[in-house]
Amino acid sequence: MINRADRHGLSELYQLRGRVGRSNRRAYAYLLIPPENELTEVARRRLAALKEFSDLGAGFKIAALDLELRGAGNMLGGEQSGHIEAVGFELYTSMLEAAVKEMKGETSEERPATQLNLGIALRIDESYVPEENQRLRLYKKIAGAASDAAVSEVRAELEDRYGAPPDATVYLLEAARLRLECERMGIAQVDRRRGELQIRFMENAVIDPAHLDAPGGAQRQTRRAVHAPGLLKYPLAATRSDEVLLEIHEVLETLAAAPVNA
């Protein structure tokens, strides 16, 4: 007999019920609860799930519903737990995906990672995609997009399911395109600081920053200034988020016209 079953978690109730009866010995688990009108909505859903999922192999369904009811924590914020807290959500999912591929005997090509610090709101608002698990799935798809076509597919999916995306989500998709451009060019990091754009290159960058000083090269863009090996600084006139993203795209187009490493 389980008193005040409405105060217990779904997985806990499922486990307790599973301990009752063995082999050919029939037994019963009694869950005692207050009047139904005093139960919370979550408690009602727990008890309804126990009634519904009573067949063999229902444990996974119970676990999935329990995760939905309790939530998985704010995996994109500070309220995290376990291994995800130790390494971060994006790295955790990447490591998990790599481990699964390794177990399947698949090989994946290492992709250079570019870090963008643009000072722009890049997010999928709760008011736009209310379901947390769907937002996490979309964040992962955008972060893992390996081509402009993949980014376009995510946008098409968003528009089809949720309508026109708000500005912050549009900027998130545009930032994904910027990241892809930077990775193709061997740019390690892009920082926007006080009206200035700082671009740092990887050691194996496709573009050699030293070539930018060659006569007739990309130095014709007079607003460019080279301050250190592998580091370029550009003044940014734009202040609005959409204009900042557009201006950064123009800078990358200028760099793409520069001589490349052999």
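It should be emphasised that the depicted structure is a prediction, and the values quoted were computed from it without experimental measurement.

Engineer: I'd like to hear about the overall build of the protein chain, residue by residue, with values.
Structural biologist: A tally of regular secondary structure across the protein chain gives nine helices and five strands. The order of α-helices and β-strands along the protein chain, N terminus first, is α-α-α-α-α-β-α-α-α-β-β-β-β-α. Residues counted as buried form 34% of the 262 residues belonging to the protein chain. Carbon together with sulfur atoms contributes 50% to the accessible area of the protein chain, which is approximately 16600 Å² in total.

Engineer: Can you break down the packing of helix α6 (residues 132–143) against helix α7 (residues 148–162) residue by residue, with the values?
Structural biologist: The contact between α6 and α7 brings their axes to 10 Å, and the two run at 155 degrees. In terms of orientation, α6 lies roughly antiparallel with respect to α7. On α7, the residues that touch Q134, R137, L138, K141 and I142 of α6 are V154, E157, L158, R161 and Y162. Counted by class, the contact of α6 with α7 contains five nonpolar, one polar and four charged residues.

Engineer: With reference to specific residues and values, describe the pairing of strand β5 (residues 231–235).
Structural biologist: Burial of β5 is extensive: four of the five residues sit out of reach of the surface. Alignment of strand β3 (residues 196–201) against β5, held across five bridges, turns out to be antiparallel. From the neighbouring strand, Q198 faces β5, where its bridge partner is K233.

Engineer: Quick one: what's the story with the side chain of E157, residue by residue and with numbers?
Structural biologist: Assignment of secondary structure puts E157 in helix α7. The class for E157 is buried, based on a relative accessible area of 18%. Among residues more than four places away in sequence, those in contact with E157 are R137, L138 and K141.

Engineer: Describe the nonpolar core, with residues and values.
Structural biologist: By size, the foremost hydrophobic cluster in this structure holds 22 residues, and its most contacted members are I187, L197, I199, L252 and L255. Those elements giving two or more residues to this core turn out to be α8 (167–185), β2 (187–193), β3, β5 and α9 (241–256). In terms of residues, this core owes the most to one element, α9, which gives six residues. Once you skip the residues sitting within four places of it in the chain, I199 turns out to touch I187, Q189, G230, L231, L232, Y234, V251 and L255. If you look at the next biggest cluster of nonpolar residues, it comprises 14 residues, including I142, A145, L158 and A176.

Engineer: Quick one: what's the story with unusual backbone geometry, residue by residue and with numbers?
Structural biologist: Residue R4 is not a glycine yet carries a positive backbone phi of 50 degrees. Relative accessible area serves as the criterion here: at 29%, R4 is assigned to the partly exposed category.

Engineer: Give me the lowdown on the packing of α8 against α9, citing residues and values where you can.
Structural biologist: When two helices pack together, you describe them by how their axes are tilted relative to each other and by the distance separating the axes. The N-to-C vectors of α8 and α9 enclose an angle of 15 degrees; their axes lie 11 Å apart at closest approach. Put simply, α8 runs roughly parallel to α9. As α8 packs across α9, the resulting crossing turns out to be left-handed. Taking contact as the criterion, the partners of Y171, E174, L178, E181, C182 and M185 in α8 are, on α9, S241, D242, L245, I248, H249, L252, L255 and A256. Partitioned by chemical class, the residues of the contact of α8 with α9 number nine nonpolar, two polar and three charged.

What counts, and at which threshold
Residues numbered from 1 in each chain as written. Predicted model: local features only at pLDDT ≥ 70, side-chain atom pairs only at ≥ 80, totals over all residues. Heavy atoms only, no water. Helix = DSSP H or I, 4+ residues; strand = E, 2+ residues; numbered from the N terminus. Buried < 20%, exposed > 50% of the residue type's maximum accessible area, 1.4 Å probe, protein only. Areas by Shrake-Rupley, 256 points an atom, 1.4 Å probe, with all protein chains shown as cover. Axes fitted to C-alpha atoms, helices over the stretch in contact; angles between N-to-C directions. Parallel < 35°, antiparallel > 145°, perpendicular 65-115°, else oblique. Contact = heavy atoms within 4.5 Å. Nonpolar A, V, L, I, M, F, W, Y, C, P; charged D, E, K, R; others polar. Pairing = 2+ DSSP bridges. Core = buried A, V, L, I, M, F, W, Y, C linked by side-chain atoms within 4.5 Å. Left-handed = near helix turned anticlockwise from the far one by under 90°.

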